[in-house]
Structure formats: C-alpha cells, structure tokens
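Survey of secondary and tertiary structure
Residue strings, one per chain:
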Amino acid sequence: MNNRLPQTISTLIWRSVAQAIILAVLIGFFLSFIYGLLSNYKQKHQHIDQIATLLTTSASTADSADIVAEQVIPIPKNTISGVKLV
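This structure is a prediction, so every number in the text was calculated from the model and none was measured.

The next thing to look at is the overall build of the chain. Broken down by element type, the chain carries three helices and two strands. Reading the helices (α) and strands (β) of the chain from amino to carboxyl end gives α-α-α-β-β. Among the 86 residues that make up the chain, the fraction classed as buried is 1%. With an accessible surface of roughly 7,900 Å², the chain has 68% of that area assigned to carbon and sulfur atoms.

Written out as structure tokens, the structure reads:
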C-alpha cells in the first residue's frame, strides 16, 4: 500500500520552481568559478608574454647578455613552479 498523500498541481508546480531556482543558482556559482579560473589563466599567460617580449627586446641590444642576466636572475627567486611569491 502506498500511504503518500495525493499532491495537488500547485504543490508540484512550486516544487518544480524551487528546484529550477536551486539549479540556476548552482549553475551560476559553477560558471562564476570557471570564469575565475579562465581569467586567472589568461592573466598569467599575458604576464608570461610580457616577460618574453621584454627579454626578447633586451636580448636584441648590444649589451644583451648583462641586461638579460639582470632581468632573468630575479625570476626564479620570485616563483616556485609557476606560482608567484609575494
């Protein structure tokens, strides 16, 4: 025997609306998280491109070895496995 109470249409509609709202909020948090990860990746990639451009420009000058050495030496001290230390 089934002892469930019969549900009205309005109860089913309200339950469906509540589930849709909860699902929309969860999807919103998920998309926000993904956007943050992509934005962080884009920013790091942009930073690497800027460093590469700076080193390339510096290496094309007459005293390139000294200039590039001055610019490259601080990089390992400020980063560990690609994570910038502040």
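Here we come to a nonpolar patch on the surface. On the surface, Ile 9, Leu 12, Ile 13, Trp 14, Val 17, Ile 21, Val 25 and Phe 29 cluster together into a nonpolar patch covering about 860 Å² of accessible area. Within the secondary structure layout, Trp 14 lies in helix H1 (residues 9-59). Residue Trp 14 is classed as exposed on the basis of its relative accessible area, which comes to 65%.

What follows deals with the confidence of the model for the chain. Residues with a pLDDT of 70 or more make up 77% of the chain, whose mean pLDDT is 80. Of all secondary-structure elements in the chain, the lowest mean pLDDT belongs to strand S2 (residues 83-84), at 54, while H1 reaches the highest, 91.

Rules used throughout
Residues numbered from 1 in each chain as written. Predicted model: local features only at pLDDT ≥ 70, side-chain atom pairs only at ≥ 80, totals over all residues. Heavy atoms only, no water. Helix = DSSP H or I, 4+ residues; strand = E, 2+ residues; numbered from the N terminus. Buried < 20%, exposed > 50% of the residue type's maximum accessible area, 1.4 Å probe, protein only. Areas by Shrake-Rupley, 256 points an atom, 1.4 Å probe, with all protein chains shown as cover. Patch = residues over 30% accessible without salt bridge, like charges linked within 9 Å, V, L, I, M, F, W, Y side chains within 5 Å. Salt bridge = Lys/Arg side-chain N within 4 Å of Asp/Glu carboxyl O. pLDDT = per-residue confidence, 0-100.

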